[in-house]
Each structure stands twice: as structure tokens, then as C-alpha cells.
Amino acid sequence: PRSRIGRAIVFVSVALNAYLVGSILSAPDAVNPLRSTSLLPCAVLLSTFPNSGTSWTQSVFRSSTGLVSEAVYGHEGPPTPYPGIYVHGTLNNGGPNSARLQDPSRGECLFVKSHGRVNYNDLGPSGKYQRAVVLYRDREDNLDANLRYLTKIKSRAKDELRELCGLEEFVDWKDVDPKAYDMFVRLHSAAHKRFYCHAEQYPIPKLMVTYAQLLSDPYRTFGDIMVFSGYPTANITKAMEDNAPRSHTVHGSLQYVPVGGEECQGVADRLRELLKKASPCLRRAARILQF
């Protein structure tokens, strides 16, 4: 029947396309088709709201490729040869966790983390980033993760936050100071929504990945991320052995559900108004979490 023939043709077409793309990307002397036409090498943006599976994803990238990942934050590691981009972690010259910088002559793409809302002008064939992996974590689950982060960090910023808030365990914020906690929830909700409203409009190919997907099927999901990022031969099995999930509790939808539309209208203004009304304690917490 004609319908079965049509489905067979589509299947063969998709399989052939995947084979050709994989062959091009894995050829040792091939230039990655993601490679930028600018002076920078090709770069994939790892765009995430804080505490959405970012560190786990960067660790899997390192373990599966033997390459470092990068970040736009100078405190995370030594500078790379590229302005405003730093190594995430350390460069090793040997040992089981050894990792090196990407080699642009081989078409190896940088894998650069940013928690900020990246300027659209930096996205495109001649911009800093040619593709984006966007990590999403269910809002309530992410809220809990951010409260745990505020509790566990050890830095001068944490000492200042503790003095401003009069609180040590931010996971107990709701019980200790319900009014401040309610304001923090409103700030988090607005910042979370604003981030994904912005990311949904990235004018480059983007892969939207949920934290629920990472937990429910890490082999397949990280494999998809690596293929999308130009590394189809990445050793996901090794990476999973090195970086097994610490939690198996899945929250929220497996598939990314776009925010978009009316939900995004005025969200940036609402966040600004909330920050104006916030106490010094809340503003400091928002700054630490890059709201």
C-alpha cells in the first residue's frame, strides 16, 4: 500500500541523513559544520538557569570527550585563548580525568556555560555561538535546588547573606520567615520565567532538554546532547560510569513545555518591580543566584 511505501521512504531518508551527518562529524580530519566563520572556533552555548543540571552536563561532556568545557565566568578556571571565555575546572596533563582544550583545526566546538540571558547578537554563524543546549528544570524542583545551594555554598558571599538574612539553613526559610520566603518564591518564579522566555527566542538551532529527561534516561539524553554539539562518538558509557545520577526523583514533564505568548509579556518589568521592593537579604540572594 502507498502509505507503507511512504513511511519506508521517510525512514530511509532520515537514517541516511543521520549516517551522513555522523560520518562528517566523526571524520578525524573533517571540519565541523557547526564551525563559525568568525575568528573564534565553533562554540555551543550551554544555556541554563542556575541549578538545572549544568555541572552534571559539563562533567559528562568532559568524561565523554576528554575535553574541557568552558564558562563565561572568570572565577571558574584559567582563561582560554578566546576573550571572555574560561576553562571550567582545570586542565590536566595526565591521569584518569585528564582533559584538554578543544582544537579548532579539528573542528572541535567549545561547550560554554552561561546562566545569563545571552545577547541575540552573539548568536549566529558569525557570532560567538552557533548552537545552544538549553537546560530546563521544573520550577518547584529548581526552587528547592536553589535553596539547597544557598545553604551549602561556602564563600564570603554566603557569610554576607547569612548576616543580612539572619539565617543559616535556607531550606528552612519558609518556617523561619514566611514573609521573606514568599517574596523569594515570587522573585524566583519571575526570574525563571524571564530566562526561558528569552531562551525560546534564540535565533540559532537549539536543543531544549529537561532535567526530568536527564534523570529518566541519561544515556539517551546526554547522547542527544553530544550529537547535537558535534560529538557523535562521545563515550557516554564511560561518562555515566564516572558521573552516575545522584537522584532518581523525577519532577515535572519529560518534554519541554514552551512558556511563550502572554506568559512572557511584562515578566522583565515584574521582576524589576519585585527587586525594588525586596529587602537587602533578598536582593543579595537574587544576586548570588544571578536573578
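The structure displayed is predicted, hence computed values, not measured ones.

Comments concerning the overall build of the protein chain
On a plain count of helices and strands, the protein chain comes out with eleven helices and six strands. The burial tally for the protein chain puts 46% of its 291 residues in the buried class. A separation threshold of at least 6 residues defines the contact pool for the protein chain, and within that pool the share at least 24 residues apart is 74%. Here the protein chain has roughly 15,300 Å² of accessible surface; of this, 53% comes from carbon and sulfur atoms.

Overview of empty space enclosed by the protein
The method is simple in principle: a probe with the dimensions of a water molecule rolls over the atoms, and the space it marks as empty is what remains. Scanning the model with the defined rule gives one cavity of 30 Å³ or more in all. In this structure, the largest cavity encloses a volume near 50 Å³. Surrounding the largest cavity, Tyr136, Arg137, Asp138, Asp141, Thr210, Tyr211, Ala212, His251, Gly252 and Ser253 form its lining. Here the lining of the largest cavity is built from residues that sort into three nonpolar, four polar and three charged.

Concerning the packing of aromatic side chains
Scanning the model with the defined rule gives 14 aromatic pairs in all. Residues Phe61 and Tyr231 carry aromatic rings whose centres are separated by 5.4 Å and whose planes lie at 90° to one another, so their mutual orientation is edge-to-face. Of this pair, Phe61 sits in helix 2 (residues 54-65) while Tyr231 sits in the loop between helix 8 (218-228) and helix 9 (236-242), and the two are 170 residues apart along the sequence. Here Phe61 and Tyr231 have matching classes, each one buried. One aromatic cluster is present, built from ring pairs that chain together Phe49, Tyr136, Phe170, Trp173, Phe184, Phe195, Tyr196, Tyr256 and Phe291. Here Arg131 stacks its cationic end above the ring of Phe228, 4.8 Å away from the centre of that ring. Over the face of the ring belonging to Tyr211 we find Arg137, whose NZ or CZ atom lies 4.0 Å from the ring centre.

Overview of helix 11 (residues 280-288)
If you check which residues of helix 11 are buried, you get Cys281, Leu282, Arg284, Ala285, Ala286 and Ile288. Buried residues in helix 11 make contact with helix 3 (139-152), helix 4 (156-165), helix 5 (173-176), helix 6 (178-199) and helix 10 (267-277). Backbone geometry just after helix 11 places Gln290 at a positive phi near 60°.

Concerning unusual backbone geometry
The backbone of Asn51 shows a phi angle near 65°, a positive value even though the residue is not glycine. By the element assignment, Asn51 lies in the loop between strand 1 (43-48) and helix 2. Phi at Gln290 is positive, roughly 60°, even though this residue is not glycine. On the accessibility criterion, Gln290 (35% relative accessible area) is partly exposed.

Considering the pattern of salt bridges
Counted according to the given criterion, the structure contains twelve salt bridges. For the salt bridge of Glu108 with Arg106, the shortest nitrogen-to-oxygen distance reads 3.5 Å. Salt-bridge contacts for Arg272 lead to Asp269; the nearest nitrogen and oxygen are separated by 2.2 Å. Of this pair, Arg272 and Asp269 both sit in helix 10, three residues apart, which is roughly one turn of the helix. Bridged by salt links that share partners, the residues Arg100, Arg106 and Glu108 form one connected network.

Describing the layout of surface pockets
In this structure, the largest pocket spans a volume of roughly 1,300 Å³. Lining the largest pocket are 38 residues, with Asn51, Thr54, Ser55, Tyr149 and Lys152 sitting closest to its centre. Breaking the lining of the largest pocket down by element, the ones donating at least two residues are helix 2, helix 3, helix 7 (211-216) and helix 11. Looking at the lining of the largest pocket, its residues break down into 13 nonpolar, 16 polar and nine charged.

Cut-offs applied
Residues numbered from 1 in each chain as written. Predicted model: local features only at pLDDT ≥ 70, side-chain atom pairs only at ≥ 80, totals over all residues. Heavy atoms only, no water. Helix = DSSP H or I, 4+ residues; strand = E, 2+ residues; numbered from the N terminus. Buried < 20%, exposed > 50% of the residue type's maximum accessible area, 1.4 Å probe, protein only. Contact = heavy atoms within 4.5 Å. Areas by Shrake-Rupley, 256 points an atom, 1.4 Å probe, with all protein chains shown as cover. 1 Å grid on protein atoms, 1.4 Å probe; cavity = no way out; pocket = protein on both sides within 12 Å on 5 of 7 lines; lining within 4 Å. Points joined across faces, edges and corners; volume = space filled by probe spheres on them. Nonpolar A, V, L, I, M, F, W, Y, C, P; charged D, E, K, R; others polar. Phe/Tyr/Trp six-rings, centres within 6.5 Å; stacked < 30°, edge-to-face > 60°. Lys NZ or Arg CZ within 6 Å of the ring centre and 35° of its normal. Salt bridge = Lys/Arg side-chain N within 4 Å of Asp/Glu carboxyl O.

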